[in-house]
Amino acid sequence: MKTLNFLTRTRNGRSLDWTDWLSYAYLVMGLFLMFGPVLWLVMSSFKTESALNEFPPSFLPYGQKSIAVPGEEKMKPVYRVKMPDGTTKELAELRRIGLTATLIDPARPDDLIRVNVKDREPVREFKLATENYTDLGGQIKFGTYLWNSVFITVIATILTLLFNSMAAFALSKYKFSGRSAVFLLILGTLMVPPAIVLVPNFLVISELGLLNSLWGVIWPAIATPTGVFLLRQYMLTIPDELLEAARMDNASEWQIYWRIVLPLAAPALAVLAIFSVMWRWNDFLWPLIVLSKNEKFTLQLALNAFQGDLVTQWNYLLAMTVITLLPITIVFAFLQKYITQGIASAGVK
Amino acid sequence: MASLQLKKVIKDFGPTRVIRSVDLDVHDGEFVVFVGPSGCGKSTLLRMICGLEDISSGELTIDGVRANDTRAADRGLSMVFQSYALYPHMSVYQNMAFGLENTGIAKDVVRTKVDAAAKLLRLDPLLERKPTQLSGGQRQRVAIGRSIVREPKIFLFDEPLSNLDAELRVSMRGEITGLHRRLGATMIYVTHDQVEAMTMADKIVVLRAGSIEQVGSPLELYNSPNNKFVAGFIGSPQMNFAPVTAGHGDNIVTEYGETFELKTATKPASGTALTLGVRPEHLTLEKREGSLALPITITGVEQLGGHSLLYGTLSGANASADGPRITAQVAGQVTTKIGETATVYAPPEACRLFEASGEERAVR
């Protein structure tokens, strides 16, 4: 009810103003542009390989109806057949040789009916090709890729939060000479395009022997200028008196950081956590360079590997794409409260 | 319970000297109030005592032991901050227990101590609440409770009442002095409000621009201020000042030519410019033998029922229109109107004299 009220709000609370038409049109267009492709992807991921190749494409996943025929192991596709006498019947096709198809009526399995292929058309029904998902485990080492992606994302995010918040704590709460110089230096790295540091990074990782190791993906990613900046700006709003009170309360500097500053910076940490999860999960270029062994691939790399030179199994590719989208969606759904909170408190105060 | 000494304590912030050689003795069990206008360095001095600011030079001793380089936490002091500085993500109990937990005391001992402090401050029903769910006065009590549980040698308060409304301020004032009596602890209290200083202190330290102007009991400061600044700062409404010159002998000459006899110990040379000071509450409307008459033009009247405040400018034969402002607090109710002239009388025993230049020291 609340949602409905929200969605049907108007400018003056009663009738639709022209500005309402305009804003709703704009919003609907935005929704279509943003959500349309995702919806198409999800729908397509439930289509069979043959349905994907159909033209014109259908929005909903349709598949050819198939039934069990006595004496046959596999399910047989059903066709609507125009009989020589002019009637149409739904029959299961046993086999097809050249232009002649051999069909059978499941009700009378003894009669074989032979017709020209032009006289039959497939019977279609709404059907979710869930095998796209269930077969993933067998088709590819999906579990391994998922684990690699999750490992990199979780560990890198935890380390990002830890290291960035420690840097931000020092930069926001300690006075030392060169503090702003250090801060500017960190911010300055934002201006260096990632493509430029790609090769040096690779050389470092290679020298450290971290090629083909998940840690080789994690370490270069955890120190982010954006994260330091975000957390520092937030921590500046934490009153110094709290830290002084803690100091009087016999707290060590680590305890001040761990028990006072970190909990109070939770909204900013949540924002950074969301960013970090998205960055690491969607990361493609750097893992592609560092990880060359198949068993070290992340989901993103596996998706890429799926597009073979000759054949691409689109149905599996799409199903896997949907699965790789899910974690981000879930993270966003659970933490979006913190995002708005973080923006509000950082912006207003 | 402890005593504290400051010896020639100096604080520099870069090239700026904010505390200029302060010497002070705080005895065991005393309630000392630092008072002064904003920017006088009173909070800085307190922060130097508790260890949150370094001491540039000079010596701080607690119980006779030099404490300049002791960590804030190890000085055995506790501080109540102006903003209370309660940890917003912790409950009242956790706020009060935080300091004890950090010293590694057993959990049940912490529980007993916090419960005792909570009981003393009537916080026991609030222990599970978060600071945001408390009123200003309750937060203040939690902040005090947090310092009590640590059983400090000296309690430090940095303008603890300035965030409260007037009514609550009065009652919290009573609570803090009551606490001082019960605990018998040494307390140092910083405020810019001279009423708080007068009502709470055993000993007031008046500060101005980083130096101590005068130290003494509230009534000492009221009755015999060292200089014009202390005289003006202590007492409400503020003491009246009028320029005068020294005449022959013990005589002084007012701006409008009246000669008046005031005995002074130092007998300033004839012709020296002086400032006459007299408190509003000592002025009367009835003429008494030997009183100094001050003719004023009334610019404002405040009837408070029990007493009335008359505001005016000193008029008279050759006084300018924007002459010195005079406030008189007279008993009962008055019929005086704005624009009228009146004469108020200052009894000689209530008149003070200050040098008109330099440090404006009291000469009487």
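As the structure is a prediction and not an experimental result, all values here were calculated from the model.

1. Observations regarding the sheet that holds strand β7 (residues 154-158) of chain B
All names here are of chain B. A sheet is described by the order of its strands in space; here six strands give the open sequence β6-β7-β8-β3-β9-β10, paired in mixed fashion. Each end of this open sheet is capped by a strand with a single partner; those strands are β6 (77-80) and β10 (211-216). When strand polarity is set aside, the average angle formed by the axes of neighbouring strands in this sheet is 20 degrees. Sheet topology note: the strand β3 (residues 31-35)/strand β8 (residues 186-191) ladder contains five bridges and is parallel. In the sheet register, Val-35 faces β8, and the bridge partner there is Thr-191. Across the sheet, helix α4 (residues 136-148) touches β6 and β7, and the angle it forms with β6 is around 175 degrees.

2. Focus on the domain arrangement of chain A
For chain A, the assigned domains are domain 1 (2-45), domain 2 (62-126) and domain 3 (134-348). Between domain 2 of chain A and domain 3 of chain A, the C-alpha centre-to-centre distance is 56 Å.

3. A short note on the interface of chain A and chain B
Where the parts come together, the accessible area they lose is often given as the size of the interface. Taken together, the contact between chain A and chain B spans 14 residues of the former and 16 residues of the latter. Within the residue set of the side of chain A that touches chain B, elements represented by two or more residues are α11 (240-248) and α12 (253-264) of chain A. Broken down by element, the side of chain A that touches chain B gets its largest block of residues, six residues, from α11(A). The residue makeup of the side of chain A that touches chain B, split by class, is eight nonpolar, two polar and four charged.

4. Thoughts on the pairing of strand β4 (residues 88-97) of chain A
All names here are of chain A. Sheet topology note: the strand β3 (residues 75-82)/β4 ladder contains five bridges and is antiparallel. Across the sheet, the residue bridging to Arg-80 is Glu-90, located in β4. If you look at the hairpin formed by β3 and β4, you'll find five residues sitting between the two strands, and Gly-86 has a positive phi there, around 100 degrees. Taking the residues that link successive antiparallel strands as the turn, the β4-strand β5 (residues 100-105) hairpin has two residues, and the phi of Gly-98 there is positive, at about 60 degrees.

5. Some details on helix α5 (residues 166-183) of chain B
Taking 1.5 Å as the rise per residue, α5(B) with 18 residues should run 26 Å; its terminal C-alpha atoms sit 26 Å apart, in good agreement. Remark: Gly184(B) follows α5(B) within two positions and exhibits a positive phi of approximately 60 degrees.

6. Considerations on the nonpolar core
With 123 residues, the main nonpolar core has Leu231(A), Val33(B), Phe34(B), Ile49(B), Leu156(B), Ile188(B) and Tyr189(B) as its most contacted residues. The biggest single contributor to this core is helix α13 (residues 266-282) of chain A, with seven residues. Not counting chain neighbours up to four residues away, the residues in contact with Ile49(B) comprise Leu4(B), Leu60(B), Leu156(B) and Ile188(B). Tyr145(A), Ile152(A), Ile218(A) and Tyr316(A) belong to the second largest nonpolar core, which has 18 residues in total.

7. A short note on the packing of helix α6 (residues 142-173) of chain A against helix α9 (residues 214-222) of chain A
Residue and element names in this part refer to chain A. Contact geometry for α6 and α9: axes closest at 9 Å, N-to-C directions at 30 degrees. For the element pair α6 / α9, the angle class is roughly parallel. Crossing of α6 over α9 shows right-handed handedness. Listed contacts from α9 to Asn-148, Phe-151, Ile-152, Ile-155, Ala-156, Leu-159, Thr-160 and Phe-163 of α6 are Leu-214, Val-217, Ile-218, Ala-221 and Ile-222. Each residue belonging to the contact of α6 with α9 can be placed in one class, and the counts come to 11 nonpolar, two polar and no charged.

8. Some details on the domain arrangement of chain B
Splitting chain B by domain gives domain 1 (4-233) and domain 2 (240-355). For domain 1 of chain B and domain 2 of chain B, the distance between their C-alpha centres works out to 39 Å.

9. Here's the deal with the sheet that holds strand β13 (residues 259-261) of chain B
Residue and element names in this part refer to chain B. Here we have five strands laid out as an open sheet, ordered β13-β12-β11-β14-β19, and antiparallel in their pairing. Two strands lie at the open edges of the sheet, namely β13 and β19 (352-355), each paired on one side alone. Direction aside, the axes of adjacent strands within the sheet are offset by 40 degrees on average. Both strand β12 (residues 251-254) and β13 contribute to a ladder of three bridges, which runs antiparallel. Following the sheet pairing, Ile-252 is matched in β13 by Phe-260.

Rules and cut-offs
- Every chain is numbered independently, its residues counted from 1 as its sequence is written.
- Think of it this way: whatever chain is written first is A, whatever ligand is written first is 1, and the rest follow in order.
- This being a predicted model, a pLDDT of at least 70 is required before a residue's local features are given, and a value of 80 or more before pairs of side-chain atoms are given or counted; all residues contribute to the totals for chains, interfaces and linings.
- Note on pairing: two strands pair once DSSP finds at least 2 bridges between them.
- Numbering of helices and strands runs from the N terminus, with a helix taken as a DSSP run of H or I at least four residues long and a strand as a DSSP run of E at least two residues long.
- Inter-axis angles, ranging from 0 to 180 degrees, are taken between N-to-C directions of lines fitted to C-alpha atoms, where helices are fitted over the stretch in contact.
- What counts as a contact here is a pair of residues whose C-beta atoms, placed from the backbone, lie within 7 Å.
- Marked domain ranges trace back to an automatic or database domain assignment.
- Residues are grouped as follows: Ala, Val, Leu, Ile, Met, Phe, Trp, Tyr, Cys and Pro are nonpolar; Asp, Glu, Lys and Arg are charged; every other residue, Gly included, is polar.
- To estimate how far a helix should reach, multiply one less than its number of residues by 1.5 Å.
- As used here, a nonpolar core is made of buried Ala, Val, Leu, Ile, Met, Phe, Trp, Tyr and Cys residues. They are joined through C-beta atoms within 7 Å.
- To assign burial, the other C-beta atoms lying within 10 Å of each residue's own C-beta are counted, with C-beta atoms placed from the backbone; 20 or more indicates buried, 12 or fewer indicates exposed, and intermediate counts indicate partly exposed.
- Here the angle decides the label: under 35 degrees means roughly parallel, over 145 means roughly antiparallel, 65 to 115 means roughly perpendicular, and every other value means oblique.
- Helix crossings fall into two classes, left-handed where the near helix is turned counterclockwise from the far one by less than a right angle and right-handed where it is turned clockwise.

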